[in-house]
Amino acid sequence: MGDRNVDFVLRTVEKRDIRFVRLWFTDVMGKLKSFSISSEDLEEAFEEGVGFDGSSVEGFVSSEESDMLAFPDPTTFQILPWRPEQKGVARVFCDIKTPSREPFEGDSRYCLERVFREADAKGYVLNVGPRIEYFYFDNDLNPIPQDKGGYFDLTTSDVATDLRRSTTLMLERMSIPVTYSFHSSSPSQNAVELRYTEARSCADNIMTARVVIRQEAYQNGLFASFMPKPISGCLGSGMFLYESLFDHEGNNLFWAPKTQNEAHLSELAQHYMAGVLKYAPETSLVSNPTVNSYKRLVENGEVPIYTTWGRKNRSTLVRVPTHKPGKHQSTRIELRNPDPTANPYLTIALTLAAGIRGIEEGLTLPPESTVDPATLSKAEREAMGIERLPRNLGEAIELFESSSFVREVLGEHIADFYAQEKRKEWDEYCSTVTDWERAKYYAGV
């Protein structure tokens, strides 16, 4: 971090007439939390942290041990461009620590940082580029589409065209480059793809993008929904993660010449993918954390329901996009099951840890999926090493709770609280639906 970053922030605050600084952090469930301090208190906040009541934040601490400290990370300082220029407002992400200044084990941002540093010590740097899908509705109660557009459609009646433009410009003003923005597959569904960056910065960018997307929608009288499956009969929204490992010299460790592998995948990349596939079922509760998440993950040829990989098959859990000749630095994999309600810090932490575990254990990547696994018998899928992803939140909870891998990566605090809250959510759902509705749910209808 260093004093230079702090000095730069303090000079910027004075020069740009910043009056308030919002301290951002994320609770265990992935919800963004914030409180503001005066710009005059920022220097002290960098040095000593800002105390707050941790017992009021989901997944933090009990009332008996409520005191927590938020330490602003100066590298994440950005002025909020939608606030007035005079007496302006900025935001900065925080690291949460205990009163003794030890990292707080319930801080999901720290969880990702810890996993990232462990990989970095082994010579691996994870870069991630997310693509976030979402819907525009005219309110937060009735999911009524605002257009009839489809994938990549451009029409004069597409109300989202100007919204995507303003959202992109707002993100770029916050130093978050946008690779693409476009109308996605379903009516009123849109997508924004952010430029790849290191793991924790990527998760920070996802949290920021959610705020910007909703802020711009609100300013235009609309509501942006990140619900995975808000409209029955239409494709749902995913949060696809493009991942690649680099070494400390900036070389892409996933690439290999075609003479070694038809998909240009190095042995290391194959082991990484094998690890991601192996641990995907037991980490699904984090990547797909709601009852509604599993209404998206149904057999339709567009979303993954089995632990498969491929190049052109978009129903696979991991897809290997084709890169341009001579652009081997762009070799990457695409994780297709997460959705926009996931906590990005925990999702990326688990994915990275699974991939590193695959490398260390030398896991063998199963053959590329060229047929629909649903057409195979259970015995045939087992022989090919293909597993079914959880069909609903209840199955995801069972796999999560029985996973020693999850507990090792997330730590006891996060794993216990996360499972506890999700079980409450599932029990509440099961107590309110009829037997017929429950039967349809289990059938994926």
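So, a few notes on the structure that sits alongside this text. (Residues numbered from 1 in each chain as written. Predicted model: local features only at pLDDT ≥ 70, side-chain atom pairs only at ≥ 80, totals over all residues. Heavy atoms only, no water.)

Right, let's talk about the overall build of the protein for a bit. The secondary structure content of the protein amounts to 13 helices and 15 strands. By the compact-globule yardstick of 22 Å for 445 residues, the protein fits well, its C-alpha radius of gyration being 22 Å. Seen through its principal axes, the protein has C-alpha atoms that stretch 65 × 50 × 50 Å. Each of the 445 residues in the protein was classed as buried or not, and the buried ones make up 57%. Considering only residue pairs separated by 6 or more positions, the protein has 70% of its internal contacts joining residues 24 or more positions apart. As displayed, the protein offers around 20200 Å² of accessible surface, 48% of which is attributable to carbon and sulfur atoms. Side chains of the protein carry 50 positive and 66 negative charges; the gap between the two charge centres is 6 Å. (Helix = DSSP H or I, 4+ residues; strand = E, 2+ residues; numbered from the N terminus. Rg over C-alpha atoms; globule rule 2.2 N^0.38 Å. Buried < 20%, exposed > 50% of the residue type's maximum accessible area, 1.4 Å probe, protein only. Contact = heavy atoms within 4.5 Å. Areas by Shrake-Rupley, 256 points an atom, 1.4 Å probe, with all protein chains shown as cover. Lys, Arg positive; Asp, Glu negative; His and termini not counted. Charge placed at Lys NZ, Arg CZ, Asp CG, Glu CD.)

The next thing to look at is the side chain of Q189. With respect to the helices and strands, Q189 occurs in strand β9 (residues 189-194). For Q189, a relative accessible area of 1% translates into the label buried. Within the local environment of Q189, its side chain forms a polar contact with the backbone nitrogen of S186, the two atoms lying 3.0 Å apart. Filtering out sequence-adjacent residues up to four positions away, Q189 remains in contact with E133, Y134, F135, H183, S184, L235, G236 and S237. (Polar contact = N/O pair within 3.5 Å; in protein donor to acceptor, adjacent residues only side chain to side chain.)

Under the definition given, this model contains two cavities of 30 Å³ or more. Considering only enclosed or pocket space, the largest cavity measures out at about 120 Å³ in volume. Taken together, 14 residues make up the lining of the largest cavity; nearest its centre are A280, T283, L335, N337 and T351. A class-by-class count of the residues in the lining of the largest cavity yields nine nonpolar, five polar and no charged. Counted as a void, the second largest cavity has a volume near 40 Å³. Around the second largest cavity, the lining residues are T307, T308, W309, P366, P367, E368, S369, M384 and I386. In terms of residue class, the lining of the second largest cavity is made up of five nonpolar, three polar and one charged. (1 Å grid on protein atoms, 1.4 Å probe; cavity = no way out; pocket = protein on both sides within 12 Å on 5 of 7 lines; lining within 4 Å. Points joined across faces, edges and corners; volume = space filled by probe spheres on them. Nonpolar A, V, L, I, M, F, W, Y, C, P; charged D, E, K, R; others polar.)

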